[in-house]
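# What the coordinates show
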Amino acid sequence: MIRLERRPETSRAMLWLTPVLALVLTILVGMVLFAMLGKDPLQTVAVIFVSPFSDLYNLSELLVKATPLILIAIGLSLGFRAGIWNIGAEGQFTIGALAGGAVGLAFHGTDSLWLMPLMWITGCAAGMAWAAIPAFLRTRFGANEILVSLMLVYVATLLLSAMVTGPLRDPDGFNFPESRLFEGSAAMPLLMEGTRAHIGFFAALVAAFMAWLLLGRHVVGFQIRLLGEAPRAARFAGFVEARVIWFCLLVSGGLAGLAGLFEATGPVGQLVPSLPVGYGFTAIIVAFLGRLNPLGIIIAGFVMAVTYLGGEAAEITMQLPNAVTAVFQGLLLFFLLGMDVLSTYRFRLRRRVRAAT
Amino acid sequence: MELAVNIILGMMLAATPLLFAATGELVVERAGVLNLGVEGMMVIGAVAGFIVTAESGSHLAGITGAAIAGAAMALLFGLMTQVLLANQVASGLALTIFGLGLSALLGSGYSGLSIPALARIEIPLLADIPFFGPLLFRHEPMFYLSILLLVLTGWFLTRTRAGLILKAVGENHDAAHAIGHPVVLIRLLALAWGGALAGLGGAYLSIARTPLWSEEMTAGRGWIALAIVVFAGWRPNRALLGAYLFGGVTILQLHVQGLGIAIPSQYLSMLPYLVTIAVLVAISASPSRAMLRAPGSLGRTFHAQG
């Protein structure tokens, strides 16, 4: 009989091996899925994993997809470590884009260097404010932050839709529900002409570096880790849980808001109701795939970007339904969580104990 | 009178999917498991119910298929959290993400199709009573099923030995294990029940309410069902109240739109979500909260020592 035994210490090797194993398993199950859909499994996998690297433009698109995922996941990972579940990043992303974008639209046609920073600050602050709602309701009234932050996703999406059909609608846009384009000073500076990759990627790297410093070198990082791993000990040590909740939600909300603003003023180029495409939810997978570790999250962000681009390529060349990408990502998260058992437990073969006669 | 009947009727229709899902999740949480994947199970139930009905032409088959599909999803969650001891919050999110993706994939050939809506059953004589007749005795069979399952759940939790054991497992899994109850098995059964009911809630949407399939048609109802369980203080009779309250908010929004008040529809559509938040806050902050305490082992991983 096989039984699980808790390891005295989390296995470091398994900690890094399990994401790789999970990825391999996801690809294998994915191949079965492709075969069931009547596609050549090997060819499909080849399309998904090769096409994103085929030319410079595709490589730049990897940066475009990875940037919001990394930014959001870095913020979420702090909270997840402390057992604080902000799953409303999608809403904070939307509000960041909306508020920061509104500033850009208000100064439409203005040509000056301060506009972009002002939009960044507004987007970030708006994301923080949106995340402050669950933080306040949790710390003041004990309301569950999971449900509150998630409900606010729907509210944010509806608010965006109301705004682009109302006050923020493009006056020359023939009544389409969309804003003016972000142009000139209000457009995200690109890394390279002819691509959509923008300087927000550096912001993602900076965020990851700051998170690494915070977790490894700063007392707040220690409080976050302790609250997640040993809440009782954290309370005995006199850490104020409310402060950690506020910190984690504000940071993750701010980063998600920033990611939303980058997306609106960069790759998308305007405010449209379809702006939130699920980065806030996919970032949850990225955070876990990266083992809630800043460096891991950067790598995971790129892996997930590959699945997005590869999924799009497979949609075009192999006629796969676009929902396949979401199934793939869901499976990956399942395998990741399921394989975690290998790092905290080990399997032991045990003979049935025979009763003494 | 006519308007009142219409409003109350609309509220009942809007509440039914929520009632299914909340009744199921209530049992799951009473067994000490927090399955946040209700939305994923509901949407899989919706697509499975629609596909099976469209292919077989039988509503009964569709409803059964939806319950089985929901239960299968829940057991996947059970495998993750009860056997592989994965974190319940994260696994629930995974179940929702996976369910939304899988349902979109399965249903991609079915959007735009329509199936005959589930017929109403008019109970003879009773259906002709003024006011109460249309409200209580002229519904689709799934409406009666939702009430029946709620009553059954209430009876099971409060009047049977098995229900008592289930609650013991939820209150303190280590103690329940020590006196010999099969914690994991009981939890898997509770999960399957919860998944089947979430699946039925989804099927109600795609078979009875609007006989159509569209992606993400559950629109957050799974999450609202989770809020209803908290609102209900983990007690079935209050779940009924909660589901009908939320159903009322949804229907209120439609009627306000109908009155022609000049508010963009998006703001009215926000109402159910905002009310959910408001209710969660009110419940969490209320002084009688001690009475509405969550099951002791809720969300904690159980690993049998020795």
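As the structure is a prediction and not an experimental result, all values here were calculated from the model.

## Examining the overall build of chain A
Helices and strands together make up the secondary structure of chain A, namely 14 helices and two strands. Taken over the C-alpha trace, chain A has a radius of gyration of 22 Å; the compact-globule value for 357 residues is 21 Å, and the two agree within 12%. Counting only C-alpha atoms and orienting by the principal axes, one finds that chain A spans roughly 90 × 60 × 30 Å. A buried classification covers 51% of the 357 residues belonging to chain A. A separation threshold of at least 6 residues defines the contact pool for chain A, and within that pool the share at least 24 residues apart is 78%.

## Thoughts on the overall build of chain B
What chain B contains, in helices and strands, is 13 helices and two strands. Its C-alpha atoms give chain B a radius of gyration of 19 Å, within 12% of the compact-globule value 19 Å for 306 residues. Considering only C-alpha atoms, chain B reaches an extent of 65 × 50 × 45 Å along its principal axes. Residue burial in chain B is summarised as follows: out of 306 residues, 50% are buried. Contacts in chain B between residues far apart in sequence, at least 24 positions, make up 79% of those at least 6 positions apart.

## Here's the deal with the interface of chain B and chain A
Chain B puts 38 residues into the contact, and the matching count from chain A is 39 residues. Among the secondary structure elements, those contributing two or more residues to the side of chain B that touches chain A are α4 (88-107), α10 (221-231), α12 (265-269) and α13 (271-285) of chain B. Top contributing element to the side of chain B that touches chain A by residue count: α4 of chain B, with twelve residues. Within the side of chain B that touches chain A, the residues separate by chemical class into 28 nonpolar, ten polar and no charged.

## Let's talk about the confidence of the model for chain B
Averaged over chain B, the pLDDT score is 88; the fraction of residues at 70 or greater is 97%. Among the scores for the predicted complex, ipTM is 0.87 and pTM is 0.88.

## A word on the nonpolar core
Soluble, globular proteins show a tendency: their nonpolar side chains are buried together. Judged by nonpolar contacts, the single largest core of 215 residues is most densely connected at I72 of chain A together with A22 and I228 of chain B. Top element by residues in this core is helix α9 (residues 183-209) of chain B. It accounts for 16 residues. Apart from the residues within four sequence positions on either side, I228 of chain B is in contact with L18, A22, A239, G242, A243 and F246 of chain B.

## Some words on the environment of A35 of chain A
Along the chain, A35 of chain A falls in helix α1 (residues 12-36). Spatially, the C-alpha atom of A35 of chain A lies 40 Å from that of L258 of chain A, the residues being 223 residues apart in sequence.

## What to know about helix α13 (residues 323-339) of chain A
Over its 17 residues, α13 of chain A runs 24 Å from end to end, which matches the ideal 24 Å to within 8%, given 1.5 Å per residue. Across the 17 residues of α13 of chain A, 16 count as buried, placing the element largely inside the fold.

## What about unusual backbone geometry?
One non-glycine residue, Q319 of chain A, lies in the positive phi region at around 55°. Here Q319 of chain A lies in the loop between α12 (294-317) and α13. Note on Q319 of chain A: 10 C-beta atoms within 10 Å, which makes it exposed. Positioned with a positive phi, W234 of chain B is a non-glycine residue whose angle comes to about 65°. Position of W234 of chain B among the secondary structure elements: in the loop between α10 and α11 (236-258).

## Considerations on the packing of α12 of chain A against α13 of chain A
All names here are of chain A. Where α12 meets α13, the closest approach of the two axes is 9 Å, and the angle between their N-to-C directions is 155°. Taken together, α12 and α13 sit at an angle that is classed as roughly antiparallel. As for how α12 packs across α13, the hand of that crossing is right-handed. Counted together, M304, T307, Y308 and G311 of α12 and V324, T325, F328 and Q329 of α13 form the full contact between these two elements. The residue inventory of the contact of α12 with α13, partitioned by class, reads four nonpolar, four polar and no charged.

## So, the packing of helix α4 (residues 89-106) of chain A against helix α10 (residues 241-268) of chain A
Residue and element names in this part refer to chain A. Following both chains from N to C, one finds α4 and α10 inclined at 55°, their axes separated by 6 Å at the closest point. Taken together, the axes of α4 and α10 are oblique relative to one another. Crossing of α4 over α10 shows right-handed handedness. Packed against α4, whose contacting residues are A89, Q92, F93, T94, I95, G96, A97, G100, G101 and G104, the element α10 presents S252, G253, A256, G257, L258, A259, G260, L261, E263, A264 and T265 at the interface. Tallied by class, residues from the contact of α4 with α10 come to nine nonpolar, eleven polar and one charged.

## Describing helix α6 (residues 145-165) of chain A
Between its first and last C-alpha atoms α6 of chain A spans 30 Å; for 21 residues at 1.5 Å apiece the expected length is 30 Å, and the two agree. Counting buried positions along α6 of chain A yields 19 of 21 residues, so the element is predominantly enclosed.

## Comments concerning the environment of L214 of chain A
All names here are of chain A. Relative to the assigned elements, L214 resides in helix α7 (residues 200-217). Judged by C-beta crowding, with 18 C-beta atoms within 10 Å, L214 ranks as partly exposed. Sequence separation of L214 and I74 is 140 residues, and the distance between their C-alpha atoms is 12 Å. Excluding anything up to four places from it in sequence, L214 contacts V220 and G221.

Parameters at a glance
Residues numbered from 1 in each chain as written. Chains lettered and ligands numbered in written order. Predicted model: local features only at pLDDT ≥ 70, side-chain atom pairs only at ≥ 80, totals over all residues. Helix = DSSP H or I, 4+ residues; strand = E, 2+ residues; numbered from the N terminus. Rg over C-alpha atoms; globule rule 2.2 N^0.38 Å. Buried ≥ 20, exposed ≤ 12 C-beta atoms within 10 Å, placed from the backbone. Contact = placed C-beta atoms within 7 Å. Nonpolar A, V, L, I, M, F, W, Y, C, P; charged D, E, K, R; others polar. pLDDT = per-residue confidence, 0-100. Core = buried A, V, L, I, M, F, W, Y, C linked by C-beta atoms within 7 Å. Expected span 1.5 Å × (residues − 1). Axes fitted to C-alpha atoms, helices over the stretch in contact; angles between N-to-C directions. Parallel < 35°, antiparallel > 145°, perpendicular 65-115°, else oblique. Left-handed = near helix turned anticlockwise from the far one by under 90°.

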